[in-house]
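Residue strings, one per chain:
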Amino acid sequence: MKRPSWPLVMALVLCAALAGTAYGTLSGWTHSAYIKLRRETRLALGLEKFWMRLPGPGSTGTRSPVACPDPATTRVLVTGGQSNAANTNTKAASLPADAEVYAWFNGACWRGEDPMPGATGKGGSLWPSLGAALTQDLGQPVLFINGAVGGSQVGDWLDRRSGYLDALLERISAAQAQGYAPELILWHQGESDANVMPDTAEGRAAMRAQLDALSAQLLAAAPSAQLYMFQASKCIGPRRAEGVEAMRAVQRAVAEASPRIIAGLNTDDFGNDYRWDTCHFNSLGRSAVVGALTAPLLDLLRAPTLSGDAG
């Protein structure tokens, strides 16, 4: 049987969503219920996932590349995961004019300001403010290699049809060819998976296997880097309102199993005052996360570099 096309499935989902919205005036239809319906409709019809369009050469708009900093003195950080690692803040961060913060994208260096090149979204992000704090203390340029994809699950990164992981790995490889060796991989992901992961031993084991596999590929691409894995699961809907401890436990378990992975900041601790929609950080949230993150990252960047054969 020929599989239905995406326009057809989206039409079906839209009809269901409209019906659900009307019903919701009486029954409390929620965003998470709509997401669940959309997912189950796709699976029932045997369709592939609708992959997010990745940032391409035109995504930088009218911005122009800038001269790259000296690779010998530049500190290099990779960022990835889902929307809270992308450009989802409602306000762009203010980057001081003299801050030596850069982004590597499309084979060139760009000023490290929002929206950060390489990540999805058109708003603000965590990284310019973090870069400014790091470079001020280190007295060295900071270059980000960004690749976060809003709404993505760990399994999406492992499914090569999405293009998510390949795009980031190619970006890392191109930067390394120019002498920029990543020292830290900052990975903020878990909100989407927390909404669908069964809270059973089997569900947690499956999530653990996926996150282990993704981490291994990221670390193989950057032999001198450590992976800083945020503990993150809080998002929209009652299931994730306070975060999901089962998801955080998986993230910690993955970190504890490898000397190259750090169990990082638990951003679920930043409640709704720090988020514009109970999920994505607002400017207050960005300041709080960067404030909590700067000191531990400085400690890691000042520590001896890992050897390429680290386990």
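Residues numbered from 1 in each chain as written. Predicted model: local features only at pLDDT ≥ 70, side-chain atom pairs only at ≥ 80, totals over all residues. Heavy atoms only, no water.

Looking at the sheet that holds strand S6 (residues 226-231)
What links the strands of a sheet is backbone hydrogen bonding, and the strands pair in either a parallel or an antiparallel sense. Reading across the sheet, the seven strands line up as S3-S2-S4-S1-S5-S6-S7 and stay open at both edges, with mixed pairing between neighbours. Whereas interior strands pair on both sides, the edge strands pair on one side only; in this sheet they are strand S3 (108-111) and strand S7 (261-266). Between one strand and the next, the sheet's axes are offset by a mean angle of 30°, whatever the strand orientation. Bridge count between strand S2 (residues 101-105) and strand S4 (residues 142-146): three bridges; the pairing is parallel. By the bridge assignment for S4, Ala103 is matched with Phe144. Each of S6 and S7 is contacted by helix H8 (residues 245-256), which is oriented at about 165° to S6, the strand it contacts most. (Pairing = 2+ DSSP bridges. Helix = DSSP H or I, 4+ residues; strand = E, 2+ residues; numbered from the N terminus. Axes fitted to C-alpha atoms, helices over the stretch in contact; angles between N-to-C directions. Contact = heavy atoms within 4.5 Å.)

Description of unusual backbone geometry
In this chain, Asp114 is followed by Pro115 through a cis amide linkage whose omega measures -10°. Tracing the sequence through the fold places Pro115 in the loop between S3 and helix H3 (127-138). If you check the backbone angles, Asn106 has positive phi at about 55° while not being a glycine. Along the chain, Asn106 falls in the loop between S2 and S3. In this structure, Thr278 takes a positive phi of about 70° despite not being glycine. Within the secondary structure, Thr278 sits in the loop between S7 and helix H9 (283-302).

Here's the deal with the pattern of salt bridges
Within the structure shown, the criterion is met by eleven salt bridges. Note that Arg75 is salt-bridged to Glu183, the shortest N-O span being 2.7 Å. In this pair, Arg75 sits in strand S1 (residues 75-81) while Glu183 sits in the loop between helix H5 (164-177) and strand S5 (184-188), placing the two residues 108 residues apart along the sequence. For the pair formed by Arg75 and Glu183, the shared burial category is buried. A salt bridge links Arg204 to Asp199; the nearest nitrogen and oxygen atoms lie 2.7 Å apart. By relative accessible area, Asp199 is classed as exposed at 55%. One network of salt bridges, with partners in common, ties together Glu245, Arg248, Arg252 and Asp268. (Salt bridge = Lys/Arg side-chain N within 4 Å of Asp/Glu carboxyl O. Buried < 20%, exposed > 50% of the residue type's maximum accessible area, 1.4 Å probe, protein only.)

Focus: H8
The end-to-end C-alpha distance of H8 is 16 Å, a good match for the 16 Å that twelve residues give at a rise of 1.5 Å each. Ala246, Met247, Arg248, Val250, Gln251, Val254 and Ala255 are the residues of H8 that are buried. (Expected span 1.5 Å × (residues − 1).)

Considerations on the packing of aromatic side chains
All chains considered together, the criterion is met by seven aromatic pairs. With centroids separated by 6.0 Å and ring planes inclined at 90°, the aromatic side chains of Trp51 and Tyr164 adopt a geometry described as edge-to-face. Placement of the pair is Trp51 in the loop between helix H2 (31-44) and S1 and Tyr164 in helix H5, with a sequence separation of 113 residues. Of the two residues, Trp51 and Tyr164, neither departs from the other in class, the shared state being buried. In this structure an aromatic cluster arises from ring pairing among Trp51, Trp157, Tyr164 and Trp187. (Phe/Tyr/Trp six-rings, centres within 6.5 Å; stacked < 30°, edge-to-face > 60°.)

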